[in-house]
Amino acid sequence: MTESTQYEEDALHHLFLLVEAQDATCMLNLAGHPLRIREVVFQMVDNGCRVSKVEADYYNMFLYDKEVTEIYDYLTTIIKVKFVKV
């Protein structure tokens, strides 16, 4: 049986992810409603990305060669991206 988790409408979670795609590797700093973050992660995996959760220290020490990009989607998930290779 699956466990159903109930979230408040204004719930906010924060997550750091290392995402590896065929043509790029990046670090994501996500903030938003837990169900929306889950949807974003499922979309990345569905598109062939390898996704792993990391700690904030790893995000802060992550070396990258591009500027940090901020993305705000229509359901207020905030994603900051650092690319290591493109």
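Keep in mind that this is a model prediction, so the values were computed, not measured.

J.: I tried to follow the pattern of salt bridges on my own but got confused; where do I start?
T.: Should their charged atoms come close, side chains of opposite charge can pair. By the definition in use, this model includes one salt bridge. For E39, the salt bridge identified is with R36, shortest N-O distance 2.9 Å. Here the residue E39 and the residue R36 both occupy positions in helix α1 (residues 34-46), the gap between them amounting to three residues, near one helical turn.

J.: In this structure, what is going on with the environment of M44? I would like to understand it.
T.: Relative to the helices and strands, M44 is located in helix α1. Separated by 24 residues in sequence, M44 and E20 place their C-alpha atoms 9.6 Å apart. Setting aside anything within four residues of it in sequence, one finds M44 in contact with L17, V19, L28, C49 and V51.

J.: What am I meant to see in α1 here?
T.: Helical periodicity: at 3.6 residues per turn, an α-helix aligns residues three or four positions apart in one direction. In this model, α1 (13 residues) spans 18 Å end to end at C-alpha, consistent with the 18 Å of a helix rising 1.5 Å per residue. Residues of α1 that are buried include every one of P34, R36, I37, V40, V41 and M44, and no others. When α1 is viewed along its axis, its buried side chains cluster within an angular range of 165 degrees and face the same direction. Turned more than 90 degrees away from the buried face of α1, the exposed residues are F42 and D46. G48 occupies a position one or two residues after α1 and carries a positive phi of about 95 degrees.

J.: Even after reading the chapter, I still don't get the nonpolar core, so can you show me in this structure?
T.: Grouped burial of nonpolar side chains is what soluble globular proteins tend to show. Core analysis: the largest hydrophobic core is formed by eleven residues, namely L15, L17, V19, C26, L28, L30, I37, V40, V41, M44 and C49. Those elements that place two or more of their residues in this core are β1 (13-20), β2 (25-32) and α1. Broken down by element, this core gets its largest block of residues, four residues, from α1.

J.: I'm lost on the confidence of the model for the protein chain in this one. Help?
T.: Do not read the fine detail of predicted coordinates wherever pLDDT is low. With 64% of its residues at a pLDDT of 70 or more, the protein chain has an overall mean of 77. Strand β4 (residues 69-72) is the least confidently modelled element of the protein chain, averaging 63 in pLDDT, while strand β3 (residues 50-54) averages 93, the highest of any element.

Conventions we followed
- Residues numbered from 1 in each chain as written.
- Predicted model: local features only at pLDDT ≥ 70, side-chain atom pairs only at ≥ 80, totals over all residues.
- Heavy atoms only, no water.
- Salt bridge = Lys/Arg side-chain N within 4 Å of Asp/Glu carboxyl O.
- Helix = DSSP H or I, 4+ residues; strand = E, 2+ residues; numbered from the N terminus.
- Contact = heavy atoms within 4.5 Å.
- Expected span 1.5 Å × (residues − 1).
- Buried < 20%, exposed > 50% of the residue type's maximum accessible area, 1.4 Å probe, protein only.
- Arc of directions from axis to C-beta.
- Core = buried A, V, L, I, M, F, W, Y, C linked by side-chain atoms within 4.5 Å.
- pLDDT = per-residue confidence, 0-100.

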